[in-house]
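Spelled out from the first residue to the last, the chains are:
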Amino acid sequence: MKLNNQTLMSKQASKQKNKNQENTMQPLPSLPEDMIHEILCKLPAKSLSRFRCVCKPWNIQVADPIFFNSSNKFTFIVRHGINKLYSLEYDNSSTPLSRFQDEGIKQIRHPFSFPNHNIIPNIIDVKILGSCKGLACLSYFFNSCHLPCIWNPYTEEYKVVPISTALNPYRQYVDVRANGFGHDDNANEYIFINFTGSRVGRLGYPGSIVSAYSLKSNSWKQSLYIPYEFPFDKNTHTTPGLFCSGAFHWFAKSILEKNASSSEVLIALDVGTGVVQEIPQPGSLDFDDKYVDVLGGCLVILCSTKTESFEVWLMKDYGVRESWIKIYNIPRLMLFDVEPVVQCLRRIKCLKNGQIILEIEYYKTKRNTATILILHDLKDGHRRALKFGEDIFNCVSYKPLNLETYVKSLVSLKWNTYVGNIEQEAQVVNEELAFSRQIYEVLIGMHN
């Protein structure tokens, strides 16, 4: 009984000691949630991936799709010059356009971007085909072929879209007219679309063949035929499709007899079903050039003439002709005190502070297309060209700039190939080019 009393007294003393320690211990300092969020947003991708393991709240916060969208910064990717891509971060808090500087424009690394390296073939051209949910799609043009490539600019992971062995060679190699890159929300997969058409010798056929590649399954889906053709431009190589409302959009020519003499039609290809439909346009659009874009999740048409202002039409209710409204009428721009030969509005991006970014085709010849990026304030009319270097003429690009909005994301391609490993990149390119040459030999044999 005495032993039990001693044990009981010892337990009580231990509890009292622990209680006293709890009273004397100070709680660990904690930072405000908004400060933690701001710090996490500024971390590089590799560090952010590691810090997701610190605690469950951090992992949930970083995994949230709106994690990178909650700041005031817009991120764009743009092509400028030969084999050069830039990121453009614009802070909405810096409202005075006249004081906006170009330090937010930074050249970024991308796959196969090692100029004059003896183990990687030189790239003739690179083009941004689109951007969707954290990934971008590029197309690289070499001497003998083009290689589509899916890329995460934030993590620098990439994957070359493979050439399908199930499809006929000419459907992938000859006369690629249009591409598209988007996301099928129902199947939760990224889709790359390829339109091909050929009028070469015995292989000639009207219309186009549509092929779809799934990043999720790393395979090509069954191709289908559509009675539409896409214009070919040596300056742009292919026509990127605009992804909006779960569908890809292009201006195309119908080969059907009832529409043979009509102007271009706006078509939409559903990313999930593959169904193609014509989207009604505003009734009175008589313009020299038209491009399709997206603003606030809505489809827009950018209209240009050689002498008049630019018009921007927005479709409030997708697919409803009567819902088209004109939202902007932008005067022609005078830059460098020189009247341009041609002006054409190719892209428009709206910022929250009432300013817009315009991609303007300044003039166009058979060999060159000069384009510039313009920051334009709708309130006071002030505008200026964005520079990609110290020289004022570095604002001019002699190829389309391919301005695309990019949302940072940690989404993985699950391919474990990253920008910066020269030997690995050289192996990827050389293997793809070797296979492309085999395809080309097969093609030549079919043609002969």
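This one's a predicted model, so the numbers in the text were calculated from it and none came from an experiment.

Caption draft 1: View of the overall build of the protein. When its secondary structure is counted, the protein shows 6 helices and 27 strands. Here the protein, with 448 residues, has 48% of them falling under the buried criterion. When contacts within the protein are restricted to residue pairs at least 6 apart in sequence, those whose partners lie at least 24 apart make up 54%. Accessible surface, the protein: about 23400 Å² in total, of which carbon and sulfur atoms supply 52%.

Caption draft 2: Quick look at the confidence of the model for the protein. Per-residue confidence for the protein averages 78 on the pLDDT scale, and 72% of its residues sit at or above 70. For the protein, helix α5 (residues 169-173) is the element with the lowest average pLDDT, namely 47, and strand β15 (residues 242-244) is the one with the highest, namely 95. Below pLDDT 50 for its whole length, residues 169-173 participates in 23 contacts with residues either more than four positions away or in separate chains.

Caption draft 3: Quick peek at the sheet that holds strand β4 (residues 125-132). Taken together, the 4 strands give an open sheet; going across it, the order is β4-β5-β6-β7, and neighbouring strands pair in antiparallel fashion. The open sheet has two edge strands with one neighbour each: β4 and β7 (158-160). The mean angle between the axes of side-by-side strands here comes to 20 degrees, regardless of whether they run parallel or antiparallel. When strand β6 (residues 146-151) meets β7, the two strands line up antiparallel, connected through 3 bridges. By the bridge assignment, tryptophan 151 is partnered in β7 with tyrosine 158.

Caption draft 4: Seen up close, the pairing of β6. Counted residue by residue, β6 has 6 buried out of 6 residues, so it is predominantly covered. Neither face of β6 is exposed, since His146, Pro148 and Ile150 on one face and Leu147, Cys149 and Trp151 on the opposite face are all buried. Here strand β5 (residues 135-141) pairs with β6 via 6 bridges, running antiparallel. Paired with tyrosine 140 across the strands is leucine 147, a residue of β6.

Caption draft 5: Summary view of the environment of asparagine 394. Along the chain, asparagine 394 turns up in the loop between β26 (383-385) and β27 (404-405). Here the alpha-carbon distance between asparagine 394 and glycine 81, two residues 313 residues apart in the chain, equals 9.1 Å.

Caption draft 6: The arrangement of the environment of serine 139 in detail. Residue placement: serine 139 occurs in strand β5. For serine 139, a relative accessible area of 2% corresponds to the buried category. In this structure the C-alpha to C-alpha distance between serine 139 and asparagine 179, which are 40 residues apart in sequence, comes to 9.4 Å. Setting aside its immediate chain neighbours within four residues, serine 139 contacts Asp125, Val126, Lys127, Leu129, His146, Leu147 and Pro148.

Caption draft 7: View of the sheet that holds strand β22 (residues 324-330). Pairing in this open sheet of 4 strands is antiparallel, and the strands run β19-β20-β21-β22 from one edge to the other. Each edge of the open sheet is held by one strand with a lone partner, namely β19 (289-295) and β22. Adjacent strand axes in the sheet meet at a mean angle of 25 degrees, parallel and antiparallel pairs treated alike. In this sheet, strand β20 (residues 298-304) lies alongside β19 in antiparallel orientation, the contact comprising 7 bridges. Within β20, the residue paired with aspartate 293 across the bridge is valine 300.

Caption draft 8: A look at the packing of helix α2 (residues 33-41) against helix α4 (residues 56-63). At their nearest, the axes of α2 and α4 sit 11 Å apart, and the two run at 60 degrees to each other. As the angle between them shows, α2 and α4 are arranged oblique. In terms of crossing hand, the pair formed by α2 and α4 is right-handed. Contacts between α2 and α4 pair Ile36, His37 and Leu40 from the former with Trp58, Gln61 and Val62 from the latter. Counted by class, the contact of α2 with α4 contains 4 nonpolar, 2 polar and no charged residues.

Caption draft 9: View of the nonpolar core. Among the nonpolar cores identified, the biggest contains 31 residues, and Leu48, Phe112 and Tyr140 are the most heavily contacted of them. Only α2, α3 (45-51), β4, β5, β6, β7 and α6 (422-447) provide two or more residues apiece to this core. In this structure phenylalanine 112 touches Asn83, Ile123, Tyr140, Tyr158, Val160, Glu425, Val428 and Val429, once residues within four positions along its chain are discounted. In terms of nonpolar packing, the next biggest core, distinct from the first, is built from 20 residues, Val312, Leu358, Tyr362 and Ala370 among them.

Caption draft 10: Highlighting a nonpolar patch on the surface. A cluster of nonpolar side chains, contributed by Leu31, Met35 and Ile39, occupies part of the molecular surface with about 260 Å² of accessible area. On the secondary structure map, isoleucine 39 appears in helix α2.

Caption draft 11: Layout of the packing of aromatic side chains. Following the criterion strictly, the structure yields 10 aromatic pairs and no others. Consider the rings of phenylalanine 195 and tryptophan 250, whose centres lie 4.6 Å apart with planes at 75 degrees: the pair is edge-to-face. Taken together, the residues span a long stretch of sequence, with phenylalanine 195 in strand β9 (residues 189-196) and tryptophan 250 in strand β16 (residues 247-254) at a distance of 55 residues. Neither phenylalanine 195 nor tryptophan 250 differs from the other in exposure class; each is buried. Linked through ring pairs, Phe195, Phe230, Phe243, Phe248 and Trp250 together constitute an aromatic cluster. Between the NZ or CZ atom of lysine 159 and the centre of the ring of tryptophan 415, over which it lies, the distance is 4.2 Å.

Caption draft 12: Structural detail: unusual backbone geometry. Non-glycine residue phenylalanine 112 carries a positive phi angle of around 65 degrees. If you trace the backbone, phenylalanine 112 turns up in the loop between β3 (105-108) and β4. We classify phenylalanine 112 as buried; its relative accessible area is 1%.

Criteria and thresholds
- Residues numbered from 1 in each chain as written.
- Predicted model: local features only at pLDDT ≥ 70, side-chain atom pairs only at ≥ 80, totals over all residues.
- Heavy atoms only, no water.
- Helix = DSSP H or I, 4+ residues; strand = E, 2+ residues; numbered from the N terminus.
- Buried < 20%, exposed > 50% of the residue type's maximum accessible area, 1.4 Å probe, protein only.
- Contact = heavy atoms within 4.5 Å.
- Areas by Shrake-Rupley, 256 points an atom, 1.4 Å probe, with all protein chains shown as cover.
- pLDDT = per-residue confidence, 0-100.
- Pairing = 2+ DSSP bridges.
- Axes fitted to C-alpha atoms, helices over the stretch in contact; angles between N-to-C directions.
- Parallel < 35°, antiparallel > 145°, perpendicular 65-115°, else oblique.
- Left-handed = near helix turned anticlockwise from the far one by under 90°.
- Nonpolar A, V, L, I, M, F, W, Y, C, P; charged D, E, K, R; others polar.
- Core = buried A, V, L, I, M, F, W, Y, C linked by side-chain atoms within 4.5 Å.
- Patch = residues over 30% accessible without salt bridge, like charges linked within 9 Å, V, L, I, M, F, W, Y side chains within 5 Å.
- Salt bridge = Lys/Arg side-chain N within 4 Å of Asp/Glu carboxyl O.
- Phe/Tyr/Trp six-rings, centres within 6.5 Å; stacked < 30°, edge-to-face > 60°.
- Lys NZ or Arg CZ within 6 Å of the ring centre and 35° of its normal.

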